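Close look at the chain arrangement
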Amino acid sequence: MNTLYFNKHEFLQILKIVTSNPYKAKELYEKYLDKYPEDYGTYSYYISTLITLNEIDKASEVLKYMNKLLFKNGS
């Protein structure tokens, strides 16, 4: 079985709009991370977008969640 942990094309599409439309980027990051929850690198971009949108509490929650994932998976 071939499991995908990330999709470079989808990620780059989101990255292209972060500056021009951070609200849409946030929405797309959430969908992307639902689809690829083990793409740990993308969480930092998502957190950055949340900070840009002044969603500091949400960014903190995601950071804690990311740390749990990394600890659980031994990364």
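Remember, it's a predicted structure, so these values are computed and weren't measured experimentally. (Residues numbered from 1 in each chain as written. Predicted model: local features only at pLDDT ≥ 70, side-chain atom pairs only at ≥ 80, totals over all residues. Heavy atoms only, no water.)

1. Section: the overall build of the chain
Assigned secondary structure in the chain consists of four helices and zero strands. Listing the helices and strands of the chain from first to last along the sequence gives α-α-α-α. Each principal axis of the C-alpha atoms in the chain carries an extent, and together these give about 35 × 25 × 15 Å. Classification of the 75 residues of the chain by burial places 29% in the buried group. (Helix = DSSP H or I, 4+ residues; strand = E, 2+ residues; numbered from the N terminus. Buried < 20%, exposed > 50% of the residue type's maximum accessible area, 1.4 Å probe, protein only.)

2. Some points on the packing of aromatic side chains
Under the defined criterion, the tally for this structure stands at four aromatic pairs. The interplanar angle of 70° and the centroid separation of 5.0 Å between the aromatic rings of F11 and Y45 together place this pair among those described as edge-to-face. Of this pair, F11 sits in helix α1 (residues 8-17) while Y45 is found in helix α3 (residues 40-52), placing the two residues 34 residues apart along the sequence. (Phe/Tyr/Trp six-rings, centres within 6.5 Å; stacked < 30°, edge-to-face > 60°.)

3. Things to note about the pattern of salt bridges
For the structure on display, the rule yields four salt bridges. Between K24 and E27 there is a salt bridge, with its nearest N and O atoms 3.4 Å apart. In this pair, K24 and E27 are both assigned in helix α2 (residues 22-35), three residues apart and thus about one turn of the helix distant. With relative accessibility at 32%, the residue E27 sits in the partly exposed group. A salt bridge links E27 to K31, with the nearest nitrogen and oxygen atoms 3.4 Å apart. (Salt bridge = Lys/Arg side-chain N within 4 Å of Asp/Glu carboxyl O.)

4. Describing the environment of L63
Residue position: L63 is located in helix α4 (residues 56-72). The sequence separation of L63 and K26 amounts to 37 residues, and the corresponding C-alpha distance is 15 Å.

5. Points about the packing of α2 against α3
Between α2 and α3, whose axes approach to 10 Å, the crossing angle comes to 150°. In terms of axis orientation, α2 runs roughly antiparallel to α3. Both α2 and α3 take part in a crossing whose hand is left-handed. Contact residues: P22, A25, K26, Y29, E30, Y32 and L33 in α2; T42, Y43, Y45, Y46, T49 and L50 in α3. For the contact of α2 with α3, the per-class residue count stands at nine nonpolar, two polar and two charged. (Axes fitted to C-alpha atoms, helices over the stretch in contact; angles between N-to-C directions. Parallel < 35°, antiparallel > 145°, perpendicular 65-115°, else oblique. Left-handed = near helix turned anticlockwise from the far one by under 90°. Contact = heavy atoms within 4.5 Å. Nonpolar A, V, L, I, M, F, W, Y, C, P; charged D, E, K, R; others polar.)

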